[in-house]
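# Descriptive analysis of the structure
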Amino acid sequence: MAITFSQLFAPNQVNDAAVETLYTVPTTPAGSIVRNMRVRFSNTTALACTIEAWAVPQSGSASDSNCCLPETSMAANTFMDLDVPVIAAGGTFRAQAGTASSITAVCLDGFVQS
């Protein structure tokens, strides 16, 4: 098994209009998985706002069955770290903010194992 270390995704302001895909697990080589992904969500505004996140299997959609962070209110100018479940090849990590230009997602850790 090979382990590849690289930035999984660049810092990003999370979309509020729709669920946004922040990372897709590569399908090549076959059997790839992402492990130990840790994401920091930062509320960069002066008001409270919400964030929700999902670890979605390949060909799936964000739903209660794959929600890894239920809708959570974040106080102004705070952050929270989320340990993301293992996601298999073709799966995605997705999030949605409750307010425009409010939540920044930064990948702190994680690697692709194949």
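Residues numbered from 1 in each chain as written. Predicted model: local features only at pLDDT ≥ 70, side-chain atom pairs only at ≥ 80, totals over all residues. Heavy atoms only, no water.

Looking now at the overall build of the chain. When helices and strands are tallied, the chain shows zero helices and 10 strands. The linear arrangement of helices and strands in the chain, starting from the amino end, is β-β-β-β-β-β-β-β-β-β. In summary, the chain has a C-alpha radius of gyration of 14 Å against a globular reference of 13 Å for 114 residues, a match within 12%. C-alpha extents for the chain along the principal axes are approximately 45 × 25 × 15 Å. Within the span of the chain, comprising 114 residues, buried residues form 40% of the whole. Summarising the internal contacts of the chain: among those between residues at least 6 apart in sequence, 81% fall at separations of at least 24. For the chain, the exposed surface amounts to about 5,800 Å²; the carbon and sulfur share of it is 52%. Averaged over its 4 positive side-chain charges, the chain has a centre that lies 10 Å from the centre of its 8 negative ones. (Helix = DSSP H or I, 4+ residues; strand = E, 2+ residues; numbered from the N terminus. Rg over C-alpha atoms; globule rule 2.2 N^0.38 Å. Buried < 20%, exposed > 50% of the residue type's maximum accessible area, 1.4 Å probe, protein only. Contact = heavy atoms within 4.5 Å. Areas by Shrake-Rupley, 256 points an atom, 1.4 Å probe, with all protein chains shown as cover. Lys, Arg positive; Asp, Glu negative; His and termini not counted. Charge placed at Lys NZ, Arg CZ, Asp CG, Glu CD.)

Counting buried residues in strand E5 (residues 49-56) gives seven out of eight residues, a clear majority hidden from the surface. Here E5 pairs with strand E6 (residues 67-74) via five bridges, running antiparallel. Counted as the bridge partner of alanine 53 is leucine 69 from E6. Pairing analysis gives six bridges linking E5 to strand E9 (residues 92-97), with the strands arranged antiparallel. Across the sheet, the residue bridging to alanine 55 is phenylalanine 93, located in E9. (Pairing = 2+ DSSP bridges.)

On the basis of which strands lie adjacent, the open sheet formed by four strands has the order E3-E9-E5-E6 and antiparallel pairing. Strands at the two margins of the open sheet, each flanked by one partner only, are strand E3 (20-24) and E6. Neighbour-to-neighbour, the strand axes of the sheet open up by a mean angle of 15 degrees, direction not taken into account. As defined by bridge partners, E3 adjoins E9 across four bridges and the pair is classed as antiparallel. If you follow tyrosine 23 over to E9, its bridge partner there is phenylalanine 93. (Axes fitted to C-alpha atoms, helices over the stretch in contact; angles between N-to-C directions.)

Ring pairs (aromatic) are described by centroid distance and by the angle formed between their planes. Tallied over the entire structure, the rule returns one aromatic pair. Positioned above the aromatic ring of phenylalanine 79 is the side chain of arginine 40, whose terminal nitrogen or guanidinium carbon lies 3.9 Å from the ring centre. (Phe/Tyr/Trp six-rings, centres within 6.5 Å; stacked < 30°, edge-to-face > 60°. Lys NZ or Arg CZ within 6 Å of the ring centre and 35° of its normal.)

What follows is about the pairing of strand E4 (residues 33-43). Regular strands place side chains that alternate from one sheet face to the opposite one. Both E4 and strand E8 (residues 87-88) contribute to a ladder of two bridges, which runs antiparallel. Bridge pairing in E8 places isoleucine 33 opposite alanine 88. For E4 and strand E10 (residues 103-113), the ladder comprises nine bridges, and the chain directions are antiparallel. Across the sheet, residue phenylalanine 41 finds its bridge partner in E10, namely alanine 105. The pairing of E4 with strand E7 (residues 79-83) spans five bridges and is classified as antiparallel. Pairing of serine 42 across the sheet is with phenylalanine 79, part of E7.

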